[in-house]
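What follows is the residue order along each chain.
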2 protein chains.
Amino acid sequence: MNDTKWTQYFQDRQAEHLEELFAFLRIPSVSALPAHERDMSRAAEWAAARLRKAGVPEVEILDTGGHPLVYGRWQVDADLPTAMIYAHYDVQPPDPLDLWTTPPFEPEIRDGRIFGRGAGDDKGGLLTTILVAEAFATLSGGPPINLVFFFEGEEEIGSPSVTPFVRRERDRLACDFVISADGMMWNESTPSLMVSMKGIAGCEIELTTASTDVHSGLFGGSVRNAAQAMAELAASFHDRTGRVSVEGFYDRVVDLSPADRQEIADVPFDSDAYFGAVGTKPEWGEPGYSPLERLWVRPTLDINGMWGGFQGDGSKTVTPAKSHLKVTCRLVPDQEPDEIVELLRAHAERFTPAGCEMMFRPMAGSALPYAVPRDHPALLAAGQTLRELFEQEPAVVRIGGSIPIAEVFKRELGAEMILYAWSLPACNAHAPDEWYRVDDFRDGAIATCAYLEKLAGIRFHKTSVQG
Amino acid sequence: MNDTKWTQYFQDRQAEHLEELFAFLRIPSVSALPAHERDMSRAAEWAAARLRKAGVPEVEILDTGGHPLVYGRWQVDADLPTAMIYAHYDVQPPDPLDLWTTPPFEPEIRDGRIFGRGAGDDKGGLLTTILVAEAFATLSGGPPINLVFFFEGEEEIGSPSVTPFVRRERDRLACDFVISADGMMWNESTPSLMVSMKGIAGCEIELTTASTDVHSGLFGGSVRNAAQAMAELAASFHDRTGRVSVEGFYDRVVDLSPADRQEIADVPFDSDAYFGAVGTKPEWGEPGYSPLERLWVRPTLDINGMWGGFQGDGSKTVTPAKSHLKVTCRLVPDQEPDEIVELLRAHAERFTPAGCEMMFRPMAGSALPYAVPRDHPALLAAGQTLRELFEQEPAVVRIGGSIPIAEVFKRELGAEMILYAWSLPACNAHAPDEWYRVDDFRDGAIATCAYLEKLAGIRFHKTSVQG
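Presented here is an overview of the structure given in this document. (Residues numbered from 1 in each chain as written. Chains lettered and ligands numbered in written order. Predicted model: local features only at pLDDT ≥ 70, side-chain atom pairs only at ≥ 80, totals over all residues. Heavy atoms only, no water.)

1. Regarding the interface of chain A and chain B
How we decide: Any pair of residues with heavy atoms lying within 4.5 Å of one another is described as a contacting pair. Joining two parts hides part of their accessible area as seen by a 1.4 Å probe, and the buried area is that hidden amount summed over both. Any Lys or Arg side-chain nitrogen located within 4 Å of an Asp or Glu carboxyl oxygen qualifies as a salt bridge. Within 3.5 Å is the distance limit for a polar contact, defined as a pair of N or O atoms, with the added protein rule that one can donate a hydrogen and the other accept it, and that residues adjacent in sequence qualify only through two side-chain atoms. Here a helix means four or more residues in a row that DSSP labels H or I, a strand means two or more in a row labelled E, and each is numbered from the N terminus. Gly counts as polar in this scheme, as do all residues outside two lists: the nonpolar Ala, Val, Leu, Ile, Met, Phe, Trp, Tyr, Cys and Pro, and the charged Asp, Glu, Lys and Arg.
The interface is formed by 86 residues belonging to chain A together with 86 residues belonging to chain B. Roughly 7400 Å² of surface becomes buried between chain A and chain B when both sides are summed, with 54% attributable to carbon and sulfur atoms. On the chain A side of the contact with chain B, A:L218, A:W284 and A:M306 bury the most area, a combined 10% of that side's loss. Here B:E232 makes a salt bridge to A:R240, at a shortest N to O gap of 3.6 Å. Inspection of the chain A/chain B interface yields 45 residue pairs in polar contact (both at pLDDT 80 or more). At the level of secondary structure, the elements contributing two or more residues to the side of chain A that touches chain B comprise β9 (199-208), β10 (214-215), α6 (226-235), α8 (271-276), α9 (291-296), β11 (300-309), β12 (318-319) and β13 (322-331) of chain A. A total of 9 residues in the side of chain A that touches chain B trace back to one element, the largest contributor, which is β11(A). Residues of the side of chain A that touches chain B, tallied by class, amount to 36 nonpolar, 33 polar and 17 charged.

So, in structure tokens, the structure goes:
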């Protein structure tokens, strides 16, 4: 990366900034697990205190009805653009714990990587935005544009409380566009613009076949086995080729244009390295599409968890009476999450074997797919900043993950979201041994300073938002 | 049950005997779980001490290489028959714990039933045999026949160490036949002779699709999902009708004769009550056979446990990298456990989806199926005893469960096994809320005294055993 006036500033303070990131990572703010409710508050308080220390004049922890929201505002000039800085302080559950090299909430640097749950998704990115505000406060007395900080605590559970909160707080959250510190670069050497994200919808399914697990010698072979019935049901969601076999699942999917296919084919992609980093190969999936097309623009269905019966050491000759399944779908335009949930329900009802009681529960937190308009001035400014810093054309990439809030900001605030973040696809987000590069933690801050300065030169035509 | 001279004896001591059973049940002697190794020793010591207290002259705890064996001998007269009394002091794992009304190792009486892990399988039966020896010691100075006590600690894990032990200790274990206190009556009102048991064989299967669980938005839909792959594999073990689809599985199965079918049809069987007791119905299984035929004389395959991916509260959008399956088969003549394991292995190799690494491990502890010769004098004596006590013809029943040791005693000692026990099919053996009737705990002791007296009048032609 080219030197900028920010380079020295962040290099001088790197050890101190890493210390702070470690303190933040040590708070196990797992939004999905009720046992961590207190940790969620601690993480929110930590971020709010750090924003105040950075010099942000208005900082509040706001009640959303769910996990608290950290809000900040630094208003410098009404004629300048206003960017909302989006990040999240919640993290994924850390299990399976035994696959972590070091404990998930005891961060450690190895080989230039910061290991710890939330390092890449998204505490590294969140802290970066605070450090950027502090850098401007230190060197220029304040940021070059107006900033609204929006750090949520429900990203990993689909932002259920945040959506109505944004609707209620439209005035306070007014902005021209959103910069998301939750996102990623395409790889270590390729600056990139992420222009679309998938939506998400899912469900939990429980099958019951008896009032209790029974002795397989007294009942087995004559009554439904809940684990086996679940195997049959779980196997029914795809056909043998890897295509999702839920009726109607593909009905609203917009076909790929030749231009889309070309753009995706143009992205530098080392498939062996990408999949090899997690010890796997792209040997499965919907036929007729490349791995990147499947990841980015084709809808998918994943079994996230499945269980029933005895899981201990040794053997236990039971016929299980209960079994469980967790399923999520990644959605593309123009799929509708609520409609997909109803298709999943109809599928589960149809494919639950006879003799089972089936309980279906939609997953809390769904999201529409989202795409950034290609001509959005803040997207163009991001591209220009990256081009200048890295002296190469940024790759136009997409993401198979979901940031549900993007579509909410667009609908409620009329604000499009630009992803500007330094995590990497291989960083084990949502998996054991999550990491974030030490260099990227510093370079992301430098590049964000450059981006905000670039944005100061742009004037936005406010779009009107319908109530 | 008719009054006998033993009735008063056991009624007078019922409270005290229940106290002792409770003390025994409080020891969590779970043979499958390494964490309970100390409890296994405690349970063995408890049983040995109680045998000594009962008056049994020779009592030892013997090292089998695995869980200890409690051995006792009361030799009264070489001209009298020698019966080995078989029972087991180990119990099944208690999970799922949340389905127990009261904790599994804190026994409690409710509605005339003793609830606790091991109450019916098999600590109630084991203690009964000690109390019977004590009753004879108290009232007659000793038992009416020679007794060898053999209380093992590996029944619930397939008796892996006991088998070589029996082979090594043939002389010490010499006997004419075995009376098993592990077994059951057909129902509360039907005295019964159990004339056959199924064999057992099984395996564990693990599938690996990546080096770590991965983010479903970054990898899902393009790489194999280990949970989904396991669903496909697990669902492949049966066809849609409920017939086992493992190639060769039925090849050695002896066809049912019309006489067998008639004998089974003659057994009083309230199907609604039997299956209704555990909240299920016999609505599934191999076509062409009645539920009792499937349970007793047709081989079955059960998934005992299956798991992969996220099992916590809420959602976690991972594509699981590992999944697990535990399978057991209940076998009938002339199926061979080792051969069945190889058929399971071949099936798993053939049906593991592409892109998965498959690990196959045979289950420790398998058993051949076993049938008692219908003209065995000790079986006839059991029938006569029950006929006299209950004034009705005992039902001839079979059991879908397995007692691996039966076939070992036959092969190594030339001793057939007679099941003479008071547990019931509905007693939740291997399941939460296991129970044993208070009345059966007493009546079983009375009936066992009567049986030993009946056996004293029989002379056995020793069968020669090949070395």
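Moving on, there is more to tell.
2. Concerning helix α11 (residues 377-390) of chain A
Residue pairs spaced three or four apart in an α-helix point in one direction, given the helix's 3.6 residues per turn. Residue and element names in this part refer to chain A. Condition: To estimate how far a helix should extend, the number of its residues minus one is multiplied by 1.5 Å. Classification of residues uses two cut-offs on accessible area relative to the type maximum, computed with a 1.4 Å probe and protein chains only: under 20% is buried, over 50% is exposed, and between them is partly exposed.
Over its 14 residues, α11 extends 20 Å from the first C-alpha to the last, a length consistent with the 20 Å expected when each residue adds 1.5 Å. Of the positions making up α11, those classed as buried are A378, L379, A381, A382, G383, T385, L386 and L389. Buried-residue contacts for α11 involve β7 (177-180), β8 (192-197), β17 (416-419) and α13 (438-455). Where α11 ends, the next residue or the one after it, E391, has phi of about 50°, a positive value.

3. Things to note about the packing of aromatic side chains
Rules: The pairing test for Phe, Tyr and Trp rings, Trp by its six-membered ring, is centres within 6.5 Å, and the orientation test on the planes gives stacked under 30 degrees, edge-to-face over 60, and tilted for anything in between. Definition used: whenever NZ (Lys) or CZ (Arg) falls within 6 Å of the ring centre and also within 35 degrees of the ring normal, the charge is taken to sit over that ring.
Counted by the stated rule, this structure contains 40 aromatic pairs over all chains. Arranged with centres 4.4 Å apart and planes meeting at 10°, the rings of A:F24 and A:W46 form a pair that is stacked. Linking A:F24 in helix α2 (residues 14-25) with A:W46 in helix α3 (residues 37-54), this pair joins segments that are 22 residues apart in sequence. Classification of A:F24 by relative accessible area gives buried; the value is 0%. Exposure remark for A:W46: the relative accessible area of 18% places this residue in the buried category. Ring pairs connect the aromatic residues A:W186, A:F269, A:Y274, A:F275, A:W296 and B:F219, which therefore count as one cluster. Here A:R110 stacks its cationic end above the ring of A:F115, 4.0 Å away from the centre of that ring. Against the face of B:F24 rests B:K123, its NZ or CZ located 5.0 Å from the ring centre.

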